Amino acid sequence: MNAILEVRNLKKNFDIPGGTLHAVDQISFTLAKGKTLGVVGESGCGKSTLGRILVGLLDATDGQIIFQGRDITRVKKAQRKALRREMQMIFQDPLSSLDPRLCTMELIAEPLEIFKVCPTRAELEQRVRELMDMVGISEHMMYAYPHELDGGRRQRIGIARALALDPAFLVCDEPVSALDVSIQAQVLNLLRELQRARGLTYLFITHDLSVVKHISDDILVMYMGQMVEEASSKELFRTPMHPYTQGLLSAIPVPNIHHKRRRVIMEGEITSPVNLKPGCRFAARCPHACNRCRQEQPALLELEPGHFVACHLALELRGDAAAYENTAQ
Ligand SMILES: Nc1ncnc2c1ncn2[C@@H]1O[C@H](COP(=O)(O)OP(=O)(O)O)[C@@H](O)[C@H]1O
Ligand SMILES: [Mg+2]
């Protein structure tokens, strides 16, 4: 595999008044060039923190990040700036990530000006026009301000800014979560087309599994800072092995009335990963939890080729998962 990014045992702790919050806890994965890794989990499970560490907006507490064969975990400021050309982030809410005082032209020109990519004003304008065309914003919106545009167009500006410096790797942090469903599909299609045309690699973060199904090659499921399952997208949707993934999947509405899914109800509250007790972090909400789950933290094991699961009961539950696809309620 031609890996562009390798992440090994990545950790991020935040010291908070109540103790230590383990926001990202031992995350490892390898991402091949031109592919998409979907990162899924409920709000607060550490997805954005992971994305921010990868692009250098936060420092890791521990672990290693190898990007294009180079260890970039602790790089100096000047190298970090150079890396910013290669790694970019697209944010969830374009209205809060775009400066409201700048028009489309100025917003897209900003990264080009910071990196002094275009020697003349004419070249700068030409490059902005190219980027607007690439992301599907028509020319008459060149001098419009963010509040005058709809959510989809604002996100297209966010994408144009991220692409301005021709990066190799993009962290897309819930890029369609704030958009209407019809617009979500358009923006997802745009991201897919750009990936194909430019060989981009994506880490695609979302709390909504249905959004990543078609865009991801592999999917990593996070719970309270940890990986609980990782597999190819196809395999994860066909044979989810972790009770948490099964719960997330069963919450997706199925459009076919003849295909009923048994809903797995996850009880209890998600708590923060602060001052952790021993045992599986999901045990308090897991419908299958036994004594061992409350005492011993499960390791992430490769239970099928390329399919990793952290659950003591995964092998027993696998039969359950296969049955669950076609079970009537
Ligand atoms: N700067 C920070 N200081 C303290 N806690 C933080 C900070 N940033 C994030 N957290 C906490 O880390 C956890 C993960 O947050 P985040 O990565 O934003 O989750 P997600 O993107 O999955 O919703 C949450 O419990 C959040 O409150
Ligand atoms: Mg987030």
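Fair warning: this is a prediction, and the values are worked out from it, not measured in the lab.

A few words on the confidence of the model for the protein. Predicted confidence across the protein gives a mean pLDDT of 90, with 91% of residues reaching 70 or more. For residues 323–329, every residue scores under 50 in pLDDT, and the model assigns this stretch 22 contacts once sequence neighbours within four places are set aside.

This next bit is on the packing of aromatic side chains. Enumeration over the complete set of coordinates arrives at four aromatic pairs. When the ring of Phe 67 is compared with that of Phe 169, the centres are 6.1 Å apart and the planes differ by 50°; the resulting orientation is tilted. One end of the pair, Phe 67, is in strand β4 (residues 62–67); the other, Phe 169, is in strand β7 (residues 169–173), and 102 residues separate them in sequence. Owing to a relative accessible area of 1%, Phe 67 belongs among the buried residues under this scheme. Relative to Phe 282, the ring of Tyr 223 lies with its centre 5.0 Å away and its plane at 80°, an arrangement referred to as edge-to-face. Of this pair, Tyr 223 sits in strand β9 (residues 218–223) while Phe 282 is found in the loop between α10 (243–250) and α11 (291–295), placing the two residues 59 residues apart along the sequence.

Looking now at the sheet that holds β4. Within the open sheet, the four strands sit side by side as β2-β1-β4-β5. Their pairing is antiparallel. In this open sheet, the two strands that pair with only one neighbour each are β2 (19–32) and β5 (70–71). Bridge count for strand β1 (residues 3–16) against β2 is eleven bridges, and the pairing is antiparallel. Each residue of the ladder has a partner; that of Val 7, found in β2, is Phe 29. Packing against the sheet, helix α1 (residues 47–54) makes contact with β1, β2 and β4, and its axis sits at approximately 120° to β1.

Turning to its location among the elements, Arg 238 is positioned in helix α9 (residues 233–238). Put simply, Arg 238 and Gln 92 are 146 residues apart on the chain and 28 Å apart in space, counted from C-alpha to C-alpha. Within the structure, the side chain of Arg 238 is placed 3.1 Å from the side chain of Glu 235, a separation counted as a polar contact.

Our focus in this paragraph is the side chain of Arg 154. One can find Arg 154 in helix α6 (residues 151–163). Here Arg 154 falls in the buried class, since its relative accessible area comes to 14%. Apart from residues no more than four positions distant in its own chain, Arg 154 is found in contact with Pro 94, Leu 95, Leu 98, Pro 146, His 147 and Leu 149.

Okay, the pairing of strand β6 (residues 87–90) next. Judged by which residues are buried, β6 turns out to be covered on both faces: Met 87 and Met 89 on one side and Gln 88 and Ile 90 on the other are all buried. With four bridges joining them, β6 and β7 adopt parallel strand pairing. Bridge pairing in β7 places Met 87 opposite Phe 169.

This next bit is on the nonpolar core. The biggest cluster of nonpolar side chains holds 70 residues, and the ones touching the most others in it are Ile 159 and Leu 209. For this core, the element with the most residues is helix α7 (residues 181–198), which contributes six residues. Not counting residues within four places of it along the chain, the set of residues in contact with Leu 209 comprises Val 40, Ile 219, Leu 236, Phe 237, Leu 248, Leu 249 and Ile 252. Among the nonpolar cores identified, the runner-up in size contains 31 residues, and Ala 60, Phe 169, Ile 205 and Met 222 belong to it.

The subject of this paragraph is the site of ligand 1. In the region of ligand 1, the neighbouring residues are Phe 14, Ile 16, Leu 21, Ala 23, Glu 42, Ser 43, Gly 44, Cys 45, Gly 46, Lys 47, Ser 48 and Thr 49. At 3.1 Å from an oxygen atom of ligand 1 is found a main-chain nitrogen or oxygen belonging to Gly 46. Relative to its unbound accessible surface of 560 Å², ligand 1 loses 63% to contact with the protein. Mapped by element, the contributors of at least two residues to the shell around ligand 1 are β1, β2 and α1. Of all the elements, α1 adds the most residues to the shell around ligand 1, at three residues. Within the shell around ligand 1, the residues separate by chemical class into five nonpolar, five polar and two charged.

On the secondary structure map, Ala 185 appears in helix α7. Taking the relative accessible area as the measure of exposure, Ala 185 reaches 39% and is therefore partly exposed.

About the cut-offs
Residues numbered from 1 in each chain as written. Chains lettered and ligands numbered in written order. Predicted model: local features only at pLDDT ≥ 70, side-chain atom pairs only at ≥ 80, totals over all residues. Heavy atoms only, no water. pLDDT = per-residue confidence, 0-100. Contact = heavy atoms within 4.5 Å. Phe/Tyr/Trp six-rings, centres within 6.5 Å; stacked < 30°, edge-to-face > 60°. Helix = DSSP H or I, 4+ residues; strand = E, 2+ residues; numbered from the N terminus. Buried < 20%, exposed > 50% of the residue type's maximum accessible area, 1.4 Å probe, protein only. Pairing = 2+ DSSP bridges. Axes fitted to C-alpha atoms, helices over the stretch in contact; angles between N-to-C directions. Polar contact = N/O pair within 3.5 Å; in protein donor to acceptor, adjacent residues only side chain to side chain. Core = buried A, V, L, I, M, F, W, Y, C linked by side-chain atoms within 4.5 Å. Near = heavy atom within 4 Å. Areas by Shrake-Rupley, 256 points an atom, 1.4 Å probe, with all protein chains shown as cover. Nonpolar A, V, L, I, M, F, W, Y, C, P; charged D, E, K, R; others polar.

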